[in-house]
Amino acid sequence: IVMVAIGGASIDAFDKEKYKAYYESGADWLKAIMDTYDGRPYDKLIEMARKAQKDGVIKGILLHQGETNNGDATWPVKVKKIYDDLLSDLGLEANSLPLLAGEMLQQNQQGICYGMNDVIATLPHTLINSYVISSEGCTGNNIDGLHFSTEGARELGKRYGKQMY
């Protein structure tokens, strides 16, 4: 598993061209998190994936992002660009890896960004080898309306695993 995560970041933080402008316009807390990846999360993801390729085979991409892009109808196009860049930079065939995108907390779980799920649902129309992982019934933490409880995150993880299987 290769993981690059930046809580509270837009998908633009992971775009190999847009990250710099996003970083420069970001709040200090966001810059501090991005700095853990030398300010370049996409490059860190590629670096780690290349190391993984030396001993293994990349089987898929898991994506759980969207709160910061809540309601952004261009999100699927942005995700596809990053996906295409990743495959190209890793020397993999176009559309060769499944991309699994998890939903945000549902409205009935008091999810603040539940509307993003409608945008996430459109991803397979833009990226043919993508799958939406439902968060229905995955409990929230009852604190912030953004994050899953431990049990909810585990259930979502099982659903990612089932789809990959």
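What this report covers is the structure whose coordinates are included nearby. Every value quoted in this text rests on a predicted model; they were computed, and no experiment measured them.

### Details of the side chain of N117
With respect to the element layout, N117 can be found in helix 5 (residues 116-120). Taking relative accessible area as the criterion, N117 reaches 5% and is therefore assigned buried.

### A few points about the environment of D85
Within the fold, D85 resides in helix 4 (residues 75-89). Separated by 32 residues in the primary sequence, D85 and N117 have C-alpha atoms spaced 24 Å apart. A distance of 2.5 Å separates a polar atom in the side chain of D85 from a polar atom in the side chain of K81.

### Notes on helix 3 (residues 41-55)
Taking 1.5 Å of rise per residue, 15 residues should cover 21 Å, and helix 3 covers 22 Å from first to last C-alpha, within 8% of that figure. Residues of helix 3 that are buried in the fold lie against helix 2 (28-35) and helix 4.

### As for the pairing of strand 2 (residues 99-102)
Neither face of strand 2 is exposed, since L99 and A101 on one face and L100 and G102 on the opposite face are all buried. With 3 bridges connecting them, strand 1 (residues 61-63) and strand 2 associate as parallel partners. What sits directly across from I61, in strand 2, is L99. Remark: the strand 1/helix 4/strand 2 crossover connection has right-handed handedness. Two strands pair when backbone bridges link them, and strand 2 and strand 3 (residues 130-133) are joined in this way by 4 bridges, in the parallel orientation. Each bridged residue has a counterpart across the sheet, and for A101 the counterpart in strand 3 is V132.

### Quick look at the layout of surface pockets
If you add up the space inside the largest pocket, you get close to 1,500 Å³. Along the wall of the largest pocket there are 47 residues; nearest its centre are M3, V4, L62, L63 and H64. At the level of elements, helix 3, strand 1, helix 4 and helix 7 (150-164) are the ones that each hand at least two residues to the lining of the largest pocket. Among the elements that make up the lining of the largest pocket, the one with the highest residue count is helix 7 (6 residues). A class-by-class count of the residues in the lining of the largest pocket yields 34 nonpolar, 11 polar and 2 charged.

The rules we used
Residues numbered from 1 in each chain as written. Predicted model: local features only at pLDDT ≥ 70, side-chain atom pairs only at ≥ 80, totals over all residues. Heavy atoms only, no water. Helix = DSSP H or I, 4+ residues; strand = E, 2+ residues; numbered from the N terminus. Buried < 20%, exposed > 50% of the residue type's maximum accessible area, 1.4 Å probe, protein only. Polar contact = N/O pair within 3.5 Å; in protein donor to acceptor, adjacent residues only side chain to side chain. Expected span 1.5 Å × (residues − 1). Contact = heavy atoms within 4.5 Å. Pairing = 2+ DSSP bridges. Right-handed = clockwise from strand over helix to strand, strands pointing away. 1 Å grid on protein atoms, 1.4 Å probe; cavity = no way out; pocket = protein on both sides within 12 Å on 5 of 7 lines; lining within 4 Å. Points joined across faces, edges and corners; volume = space filled by probe spheres on them. Nonpolar A, V, L, I, M, F, W, Y, C, P; charged D, E, K, R; others polar.

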